[in-house]
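Commentary on secondary and tertiary structure
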Amino acid sequence: MYLGSVRFFKHLINLTMAIVIGIAVMGIYTIVSQLDVNFFAKTAGAAAAEEFSIPSYEPLPDPPEEETPSEVTAAFKITEMDYQLSYPKLYVEPAGQFIPRNKTVYLTFDDGPSARTPEILEILKAHDVKATFFVLTKGSDPELLKRIIDEGHAIGIHTHTHKYGEIYASVEAFLDDLHAAYEIIYQATSVQPTILRFPGGSINAYNRGIYQELIAEVLRRGFVYYDWNVSTTDTVSNITSQDVVRNVISDVEGKNNLFILAHDSSNKKNTVKALPEIITALKEMGYVFDKIDNTVEPVVFAYPQP
Ligand code: ZN
């Protein structure tokens, strides 16, 4: 009989073991496959992120706290605002547009008025020409300033002190000086000066650090500044009147409008002496003379290449 026989018990034991092993294998498989899924999911996700460059999420850093401006920054900001806000009445009405001119000579005399001014005015009157005086106002004779205007010439600002170290120390310093000069000219002549010439020209060895800011500020206030394209070179010591004439005439060629730099300081006797010959020669070359006002398109020095 099979039931209860030794074979039966053998088969029962085998069957039981098979079931136990089967359950065990299924359990292990379930655990392992669960692990595999997690592992595969992670690996596949990382690979996909890498392949398509999907940025993995990282929390953004906290925004930086508002920095308290350092004293240096704050001081700079205040200074920058200062000069634009200073002298709220130091503005002039711009002409709006320049009027084209041809073959016009603008004789300009810097650094006066001086003992030479009446002599220059007499020569200009005798030759019936007008000129422009870029004056220094410190210690200037108000009667001479008025006479320049009364005789039909123009006055422009050439600063109050002409002290390079002071006026070009900062934009603010220049405005202090400009304001003083402006007031003195206006008081003496009742004419608002709207044109100026920077001492040493608009770009010089003394204003290298500030010239762009300075020029921008002067223009913002409505002034027009004039450099020159012809020089008498009368600042050279011991220059003769013949050299002054020669310097001007040799510098004219190829130029339409001439902005001639001359000086009206008391030691410029040879400039005065050269003047009649310069005027006569340029008239013979077909030039007409005029004074500068803010409708005259200025000649200005080019900014140096960086
Ligand atoms: Zn000067």
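For the structure itself, look to the data block above.
Report follows, based on the coordinates. Computed from a predicted model, the values in this text were never measured in an experiment. (Residues numbered from 1 in each chain as written. Predicted model: local features only at pLDDT ≥ 70, side-chain atom pairs only at ≥ 80, totals over all residues. Heavy atoms only, no water.)

This part covers helix α7 (residues 211-220). Within α7, the full set of buried residues consists of Y211, L214, I215, E217 and V218. An end-on view of α7 places all buried positions within 165° of arc, on one side of the element. G222, located one to two residues past α7, shows a positive phi value of around 100°. (Buried < 20%, exposed > 50% of the residue type's maximum accessible area, 1.4 Å probe, protein only. Helix = DSSP H or I, 4+ residues; strand = E, 2+ residues; numbered from the N terminus. Arc of directions from axis to C-beta.)

Turning next to unusual backbone geometry. Along the chain, G112 connects to P113 via a cis peptide bond; the corresponding omega equals -5°. Examined against the element boundaries, P113 turns out to sit in the loop between β1 (104-110) and α3 (117-126). With phi around 45°, K103 is a residue other than glycine that occupies positive phi space. Phi is positive for S190, which is not a glycine, with a value near 60°. In this structure, S190 sits in the loop between α6 (171-189) and β4 (195-196). Assessed through its relative accessible area of 59%, S190 is described here as exposed.

Tallied over the full model, the rule gives 12 salt bridges. We note a salt bridge from R246 to D243, for which the minimum N-O separation is 2.8 Å. Taken together, the positions of R246 and D243, both in helix α8 (residues 241-250) and three residues apart, correspond to about one turn of that helix. For D243, a relative accessible area of 28% translates into the label partly exposed. Through salt bridges that share partners, E122, K125, R147 and E151 make up one connected network. (Salt bridge = Lys/Arg side-chain N within 4 Å of Asp/Glu carboxyl O.)

Turning next to the coordination of the zinc ion. Coordination of the zinc ion by the protein comes from D111 (OD), H158 (NE2) and H162 (NE2), over a distance range of 2.1 to 2.2 Å. Sequence positions of the donors to the zinc ion reduce to the motif D-x46-H-x3-H. When its relative accessible area of 2% is taken as the criterion, H158 is described as buried. (Donors = N, O, S within 2.8 Å, 3.2 Å for Na, K, Ca; no water.)

Right, let's get into the pairing of strand β7 (residues 258-263). Most of β7 is tucked away: six of the six residues are buried. Residues L258, I260 and A262 point to one face of β7 and F259, L261 and H263 to the other, with burial holding for every one of them. Strand direction decides the pairing type here: β1 and β7, joined by six bridges, are parallel. Bridge pairing links F109 to A262 in β7. Two elements, strand β6 (residues 230-231) and β7, share two bridges in a ladder whose sense is parallel. Bridge pairing in β7 links S231 to L261. Considered for its hand, the β-α-β crossover made up of β6, α8 and β7 is right-handed. (Pairing = 2+ DSSP bridges. Right-handed = clockwise from strand over helix to strand, strands pointing away.)

Any link to function would need more than the numbers given here.
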